[in-house]
Amino acid sequence: MDVQGYKWVRWRVWLCRLAALLSLGLLLLVFHWRPRFGVFARCKSCPPALADILLLRDSFGQQHVVEVLTEEMEEGSLELLGQSEDTESRDTVQLYKEEKTLLRYYLFEGLRYVWVDRKGAFCRVSVLNEDWTCNNLHGSQKGLSPLEQSFRRTIYGTNLIDVPVKPYPKLLFEEILNPFYVFQMFSIILWTVDQYYIYAICIFIISVISIGISLYETRKQSITLRNMAQLITTVTIRRKSGEEECVSSVELVPGDCLIIPQEGMLLPCDAALLAGECLVNESMLTGESVPVLKTPLQASDRKYSSDTERRHTLFSGTQLIQAKGGRPGGGGAVAVVTSTGFFTAKGDLVSSILYPQSNVSELVIRSLDIVTIAVPPALPAAITTGTIYAQRRLKQRGIFCISPPRINICGKVSLFCFDKTGTLTEEGLDVWGVLEAGPAGFSELVPEPRLLPPGHLRSGLACCHTVALLRGQLLGDPLELKMVESTGWTLQEPDGDGSVLNAEFGGHKVLAVMRPPDQQSTDEAMAIVQRFPFSSALQRMSVVTVTHGGRSALAFIKGSPEMVASLCQTQTVPAQFSSKLHSFSSEGLRVLAVAYKPLNVNSNLSTIERGEVEKDMHFLGLLMMKNLVKPESAKVINILRKANVRSIMVTGDNVLTAVNVAKTCGMVGSDEKVIFITATPHTAQSMPTLRFSLEEEAFIFNGSKFGGFVYHLAINGKSFAVLCDHFPEYLPKVLMRATIFARMAPDQKTQLVKELQKLNYRVGMCGDGANDCGALRAADVGVSLSEAEASVASPFTSKTENISCVPLLIREGRCSLVTSFSLFRYMALYSLIQFCSVIILYTVKTSVADQQFLYCDILLVTLLAIVMGRGGPSEELYPSRPAASLLALPVLGSLFIHTCMIALGQLAALFITTSEEWYIPLNATEVGTANLPNFENTCVFDISGFQYIIMSVVVTKSYPHKKPLYHNMVFLILLFVQFGVTTWLVLYPGAVFSRLLQLYNISDMNFKLLLVSLAALNFLICFVVEVSDLYGASQIPRLLNYTAKSTKSDIFKVAVIESS
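The present account deals with the structure reproduced in this document. A quick note: this is a predicted structure, and the numbers were derived from the prediction, not measured.

### Observations concerning the pattern of salt bridges
Where side chains of opposite charge bring their charged atoms close, a pairing between them can arise. In this structure the tally under the stated criterion is 28 salt bridges. With a closest N to O distance of 3.1 Å, Asp131 and Lys303 form a salt bridge. Here the residue Asp131 occupies a position in the loop between strand E9 (121-124) and helix H5 (134-139), and Lys303 occupies one in the loop between strand E16 (292-294) and strand E17 (313-314), the gap between them amounting to 172 residues. The shortest N-O distance in the salt bridge between Glu812 and Arg393 comes to 2.9 Å. In this pair, Glu812 sits in helix H30 (residues 805-843) while Arg393 sits in helix H15 (residues 385-396), placing the two residues 419 residues apart along the sequence. The burial state of Glu812 is the same as that of Arg393; both residues are buried. Salt bridges here are not isolated pairs; linked through shared partners, they connect Arg540, Arg610 and Glu614.

### Overview of the packing of aromatic side chains
Following the criterion strictly, the structure yields 20 aromatic pairs and no others. Between Phe556 and Tyr596, the ring centres sit 6.5 Å apart and the planes meet at 35°, which makes this aromatic pair tilted. Here Phe556 is found in strand E30 (residues 553-559), whereas its partner Tyr596 is found in strand E31 (residues 589-599), with 40 residues between them in sequence. Phe556 sits in the buried class, given a relative accessible area of 0%. Between Trp918 and Phe935, the ring centres sit 5.2 Å apart and the planes meet at 40°, which makes this aromatic pair tilted. Here Phe935 lies in helix H33 (residues 935-955) and Trp918 lies in the loop between helix H32 (889-914) and H33, a separation of 17 residues in the sequence. Owing to a relative accessible area of 5%, Phe935 belongs among the buried residues under this scheme. One aromatic cluster in this structure is built from Trp918, Tyr919, Phe935, Tyr1000 and Phe1007.

### Re the layout of surface pockets
Here the second largest pocket defines a volume of roughly 880 Å³. Forming the walls of the second largest pocket are 32 residues, and the residues nearest its centre are Glu562, Asn654, Val655, Asn716 and Arg743. For the lining of the second largest pocket, the elements supplying multiple residues, two or more each, are helix H21 (561-566), helix H22 (577-586), helix H25 (655-665), strand E34 (673-680), strand E35 (689-694), strand E36 (711-716) and helix H26 (717-726). If one sorts the elements of the lining of the second largest pocket by residue count, E34 sits on top with 5 residues. When the residues that make up the lining of the second largest pocket are grouped by side-chain class, the tally is 14 nonpolar, 12 polar and 6 charged.

### Quick word on unusual backbone geometry
Put simply, Leu932 and Pro933 share a cis peptide bond, and its omega is -10°. Relative to the helices and strands, Pro933 is located in the loop between H32 and H33. Notably, Asp616 is not glycine yet its phi reads approximately 55°, a positive angle. For Asp616, the location among the structural elements is in the loop between helix H23 (610-613) and strand E32 (618-626). If you check the backbone angles, Gln998 has positive phi at about 55° while not being a glycine. Position of Gln998 relative to the elements: it lies in the loop between helix H35 (990-997) and helix H36 (1005-1059).

### Quick look at the sheet that holds strand E19 (residues 333-339)
Read from one edge to the other, the open sheet built from 6 strands follows the order E11-E10-E12-E19-E14-E17, with strand pairing classed as antiparallel. Each edge of the open sheet is held by one strand with a lone partner, namely strand E11 (244-248) and E17. Across 2 bridges, the pairing between strand E14 (residues 270-275) and E17 is antiparallel. If you follow Ala272 over to E17, its bridge partner there is Thr313.

### Examining a nonpolar patch on the surface
A cluster of nonpolar side chains, contributed by Met969, Ile973, Val977, Val981, Trp984, Tyr988, Val992, Phe993 and Leu996, occupies part of the molecular surface with about 850 Å² of accessible area. Among the secondary structure elements, those contributing two or more residues to the nonpolar patch are helix H34 (969-987) and H35. Within the secondary structure, Trp984 sits in helix H34.

Calculation rules
Each chain carries its own residue numbering, running from 1 in the direction its sequence is written. Given that this is a predicted model, residues contribute local features only at a pLDDT of at least 70 and side-chain atom pairs are listed and counted only at 80 or more, while totals for whole chains, interfaces and linings are drawn from all residues. For the side-chain quantities, the full set of heavy atoms in the structure was used; hydrogens and water were omitted. When a carboxyl oxygen of Asp or Glu lies within 4 Å of a side-chain nitrogen of Lys or Arg, that pair is called a salt bridge. Here a strand is any run of E in DSSP of at least two residues, a helix any run of H or I of at least four, and the numbering for each starts at the N terminus. Burial classes follow relative accessibility: with a 1.4 Å probe on protein chains only, a residue under 20% of its type's maximum area counts as buried, one over 50% as exposed, and anything between as partly exposed. Side-chain rings of Phe, Tyr and Trp, where Trp is taken by its six-membered ring, are said to pair if the distance between their centres is within 6.5 Å; with planes under 30 degrees apart they count as stacked, over 60 as edge-to-face, and otherwise as tilted. Cavity and pocket criteria rest on a 1 Å grid covering protein atoms alone: a 1.4 Å probe that fits but cannot get out defines a cavity, protein on both sides within 12 Å along at least 5 of 7 lines defines an open pocket, and an atom within 4 Å of a point defines a lining residue. Grid points are joined across faces, edges and corners, and a volume is the space filled by probe spheres set on the points. All amino acids are sorted into three groups, where Ala, Val, Leu, Ile, Met, Phe, Trp, Tyr, Cys and Pro are nonpolar, Asp, Glu, Lys and Arg are charged, and the leftover types, Gly among them, are polar. When DSSP finds at least two bridges between two strands, those strands are taken to pair. Patches here are clusters of residues that have more than 30% relative accessible area and form no salt bridge, with a 9 Å joining cutoff for like charges and a 5 Å cutoff for nonpolar side chains (Val, Leu, Ile, Met, Phe, Trp, Tyr). Surface accessibility follows the Shrake-Rupley procedure with a 1.4 Å probe radius. Residue values consider only the protein chains on display as shielding.

In structure tokens form, the structure reads like this:
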């Protein structure tokens, strides 16, 4: 982020005040709309270290103005921070010692930036603890003194994710300074001067109502987000003196030692778990409904990062269900606060909702302020009705949205990424079989682990997990629950301080005990004394166990077969390993490998490092689990395919398993081929290579081999990383044809989404767990499958446990987008109808009556605009997407033709009137409303009244993204009523309404019928133009799509030839 410093110049400030006074506040209005102009006018440039005001330019090129704040600090507090950090080279906060010791900082998007002297810049306050090591955190278990905590709170700020909820007076002030309402205010003044008193009063009342609705909706959304984000509770911390004290969670700072009770709590900060284990529900943060077991962070010299140490980190906003093993008596746990406020993982997610990335659609909407100038004041509120109706319909279908603007973006999605396990396939798995490895290779397939002969494999499958007990019920990952159940072993956890179990197993601190069933008398119980939880990045987990009496210790590891095999001694891995893995994965089975190694039982097993455990293992065998594809998956993928929405699978599973699932659910057709991409990095012996091979054939293809069949590319995480690093020129070509991304780490999923967006794809992402969290946030449309009503992990949360919500979201998005565009076009056409009427009547020295303006603006246009968006989405998802731009040639072309028809219709009505025998010319001595009623005004008003109704029907496109017009009964009834009233005003206005609307009561019925016929002809021509535009434009995307596909195919053939 680019930062420029500015300092106040007193004489410039006073000069601007004088100019603001002389301009009657207009200059202040300009400064409000463009704050940087105010900075340039009142300040001079200076170094950021001395600045009073900062001008920030973010990565999207947008500029922001922030004020530099100062805060007084206690004397000697800087030295205190240096002592607590205990690092000589640590960055220190620059303090300016004049008469007082001051901290200089600014706030931007909820985050605090402080001046760091050594870096010579304002940095995020989190930079002060970014070098903390695991040893530093363990050293913080002694806690902070009140003085240390007070000083850190001065620097870090309070622990609060404070979503600003502005009071109504401030919201009102900001709203009325909106350029639209400022113009509206000037318009009301102009109408009043021009003696349109009734019209001006009515527009003022409607403006007030419109502003009120806007303020209510804005404040309601802010309150909803604040209730979701803000958490204030009472927590227990440990002081440096050893005492424990209850404080408000708002007072927490990084470095505080947090005491977690046995019954758990709702966590108000991010913290590293140092002692004990915690069972955590992270659904609010990640959408993952399965509780996660968090284990203590081991002391070491490596830097601490919440991303790499995720299984040892407790995140803000998550519910700690149970804590054990970290306190005297066996209950509770101990953690150290690492991040607070907006610097927590939850704060980062909330910030992304509060301050979304700028996109083109927002710029288009801003530019349309020009169009809305001449529109009734209720229409800005009416424009959002399509989104509001869509949000309401989605909620009824179990899809919750915390970012309504994303609904329109759903209509533009051209590619959807899906996680595999739990999203495309069932969450639970069934054990399919076990293969035990031995010196002679693999033994015969055994259907269930409980049927295995006694040995390390059966013990490993029973012990290598993070399953926990909660009130007698097993909780944990569905895969591990099935695995434990299939062994027949039972889980026992320590009671009280655990001394009984500790003594039973040789004095080791026991976390859990696995006991074999009675019939397996040859097996003995094993105690788990250390756990290293599963990590997506590492693709494995491991445990350390001891036997009864502490006679021996064994380490077990479980994970992806490729990873486990790489950590085993080569001679223990059977020669058939690769062929067996290929065979089982090709059948769509989830394959896990298990290995073990003996450990020195006399060593301190509770502090042994993961790296020491997970090496030189002995390969034990393979566990195969059947992961069935959800019945809805194939149907949804087929719908998306027919709708030209590309589907991609992004999974952490084996590539062959992923290919099998892709074929089962229809991502890869039965007559389509899969080409595997294998990329190897640069080594001392070889250059990086990129290979393409067809499934079941082990040779490299050249370009000519790709003819005659449709193909998909499949790539794993390692090859994807090499492709990004060493072959960036091929990356776009691969991304355009790749369907399967396997063994992808969470950060790679996020990277993939961003790379696809660079290719101008509007990317959707559907997932169900923490591994998808980053990708869900990065995607244009993120959908979390979760039982939680709302999750800050993604804009959309679906309670449906399958991907059937995706087509619904796209249909609602397209419907909302089409509705918004229809309303914008209706706005423009309404303005043009009124503009034509006024210009024509001004030309003949008359005008539109006050009451006529009211009738058209309120009873016709406003009512129609409000109910136009009620129509629901089409039941089917069509191949063509709605136009994403109002500046498209078909849209502008149809607007131009409609405008011509409007003008011609009004001119035709005028010329027909003046050609009649009974026509009486205007009084030339009077102008404007003084001439009313007259023939010219009456005929133009009559035809324009029909045109307002006609255009609402013409621009309300139904096919193919909305239900037919007759499904919107309210709109249809209103159309008939308005048409009937307008026809009645033309044919039989009566004396009362003629006087009220200042219309001339023409007695010639044939003439009146001719006006109605002229309106019907006007409707017929505009409707035909609109339908012709719709069907003509619909062919263009197909043609372009065909051309693009051919081009992409040719490009990729060239790429393959080059790589060969």
